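Analysis of the macromolecular model
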Amino acid sequence: MDSGNIKICSESHCSIGLLHDVRQLSALLPEGYQYTVCEYAGTTEGTNAVLRLHVTTEAIARTWIKEFQGKTKTTLRTLSKHKVTGQKRVFQMHLRCHHNTKPRSNTADSRHGSKNTDCPATVSVIVKQTNTKRKSRSTDTHATALPMEVRLNFTHNHPVQSASALKHRDVSDEVKEIFINLYKSLHSPSTALHTYKYDLFEEYGDEFAHISADRAKCPDLQWCYSQGVWGVSSGNL
């Protein structure tokens, strides 16, 4: 992403630290948005930042979250839920890395295939209400012009783009659509996956091994069989 889409906050109460180089931050952020950085700390362990954007709706906020996961090749799950009335906030979501599974038993991590690492990475997104007739007592000087606040704690305790991490990602919507069309063409799960992998190899060639290790781009056979009556009549895809 062009670092020109990132602006340093000029408010005196914001503390950005030393932001001599924004490449580490810009590598994480979806394109097509203007970012104002209020706080930033980039280290070898990860990135912590508070960002503001001119986003006013829940729909665009959810799109940003989806694009952020795609850009960073991470998968986020809901950490906590908050009721939003619309009076002060339009949208609020607190998310955790899916490698923090919050296991219910002490033996869960010892199971074969466990992905839990108690990863501390989190993302919080809040969109504040701007269309209100009531006088606000908020001291947030960004609330009107930059109502969306993003708090990034991008400090994963595991390799984000390793094969062991990528194999747990959610299958992308684009790939789901491809499989729906394959099932409509009367493919079984196994032949659909074989056909899809062949097309993937034709497209990526030498990069196929790396691309196919990412479950978002190349699902496993178990997923193919899990989609109802091959994902068409059940509407599960």
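Throughout this description, residue numbers start from 1 for each chain and increase along the sequence as written. For this predicted model, a pLDDT threshold of at least 70 governs which residues receive local features, and a threshold of 80 or more governs which side-chain atom pairs are given and counted, while totals over whole chains, interfaces and linings are taken from all residues. Side-chain descriptors were evaluated using all non-hydrogen atoms of the structure, hydrogens and water having been removed beforehand.

**A closer look at the overall build of the chain**
The helix and strand tally for the chain stands at seven helices and seven strands. Each residue is placed in one exposure class: buried if its accessible area under a 1.4 Å probe, protein chains only, is under 20% of its type's maximum, exposed if it is over 50%, and partly exposed if it falls in between. Buried positions account for 41% of the 237 residues belonging to the chain. Residue contacts are counted whenever heavy atoms from the two residues lie within 4.5 Å of one another. Here the contacts in the chain between residues at least 6 apart in sequence split such that 62% fall between residues at least 24 apart. Surface exposure here means Shrake-Rupley accessible area, sampled with a 1.4 Å probe, where a residue is shielded only by the protein chains that are shown. Accessible surface for the chain amounts to roughly 14100 Å². Of this, 49% is attributable to carbon and sulfur atoms. Numbering of helices and strands runs from the N terminus; a helix is a DSSP stretch of H or I covering at least four residues, while a strand is a stretch of E covering at least two.

**Structural notes on the environment of T57**
On the secondary structure map, T57 appears in the loop between strand 3 (46–53) and helix 2 (58–72). Along the sequence, T57 and P147 sit 90 residues apart, while their C-alpha atoms lie 9.4 Å from each other. The contacts of T57, once residues within four sequence positions are left out, are V90 and V127. Polar contact criterion, stated in full: a pair of N or O atoms within 3.5 Å, where within protein one must be able to donate a hydrogen and the other to accept it, and residues adjacent in sequence count only if both atoms are side-chain atoms. At 3.3 Å, the side chain of T57 forms a polar contact with the backbone nitrogen of I60.

**Considerations on the pattern of salt bridges**
Pairing between side chains becomes possible if they bear opposite charge and their charged atoms approach one another. Each salt bridge in this description consists of a side-chain nitrogen of Lys or Arg and a carboxyl oxygen of Asp or Glu lying within 4 Å of one another. Summed over all chains, the structure comprises nine salt bridges. Linking R151 and E149 is a salt bridge whose minimum nitrogen-to-oxygen distance equals 3.2 Å. Assessed through its relative accessible area of 40%, R151 is described here as partly exposed. When salt bridges that share partners are traced, they join R52, K128, D140, E149 and R151 into one network.

**Examining the nonpolar core**
The nonpolar side chains of soluble globular proteins are, as a tendency, buried together. Grouped together as the largest cluster of nonpolar side chains are 28 residues, with contacts concentrated most on L51, L53, W64, V125, M148, V150 and L152. Breaking this core down by element, the ones donating at least two residues are strand 2 (35–43), strand 3, helix 2, strand 5 (89–97), strand 6 (122–128) and strand 7 (148–154). What L51 contacts, discounting residues up to four positions off in sequence, is L25, L29, Y35, T36, V37, M148, E149, V150 and L152. The criterion is simple. A nonpolar core is a set of buried Ala, Val, Leu, Ile, Met, Phe, Trp, Tyr and Cys residues joined through side-chain atoms within 4.5 Å. If you look at the next biggest cluster of nonpolar residues, it comprises 14 residues, including V171, Y183, Y196 and I211.

**Re helix 2**
For helix 2, spanning 15 residues, the distance from its first C-alpha to its last is 21 Å, which sits close to the expected 21 Å at 1.5 Å a residue. The set of residues buried in helix 2 consists of A61, W64, I65, F68, Q69 and T72. Taken down its axis, helix 2 places every buried residue within 135° of arc, on the same side. For helix 2, the elements touching its buried residues are strand 2, strand 3, strand 4 (76–80), strand 5, strand 6 and strand 7. Of the residues flanking the end of helix 2, it is K73, one or two places downstream, whose phi is positive at about 55°. Expected helix span is computed as 1.5 Å times (number of residues minus one). Note that the arc is defined by the directions from the helix axis to the C-beta atoms.

**Notes on the confidence of the model for the chain**
pLDDT gives the predictor's per-residue confidence on a scale running from 0 to 100. The predicted model of the chain averages 83 in pLDDT, with 82% of residues at 70 or higher. Within the model, pLDDT remains below 50 along residues 233–237, and this stretch shows 11 contacts once partners closer than five positions in the same chain are excluded.

**Some details on the sheet that holds strand 6**
Two strands pair under a simple rule: DSSP has to find at least two bridges between them. A sheet is described by the order of its strands in space; here seven strands give the open sequence 1-2-3-7-6-5-4, paired in mixed fashion. The strands lining the two open edges of the sheet, one partner per strand, are strand 1 (6–8) and strand 4. Geometrically, the sheet is characterised by an average inter-axis angle of 30° between neighbouring strands, direction not taken into account. Where strand 6 lies against strand 7, six bridges are found, and the strand directions are antiparallel. Bridge pairing in strand 7 links S124 to R151. Here an axis means a line fitted to C-alpha atoms, over the contact stretch when the element is a helix, while the angle between two N-to-C directions is reported on a 0 to 180 degree scale. Across the sheet, helix 2 lies against strand 2, strand 3, strand 4, strand 5, strand 6 and strand 7, angled at about 20° from strand 5, the strand it touches most.

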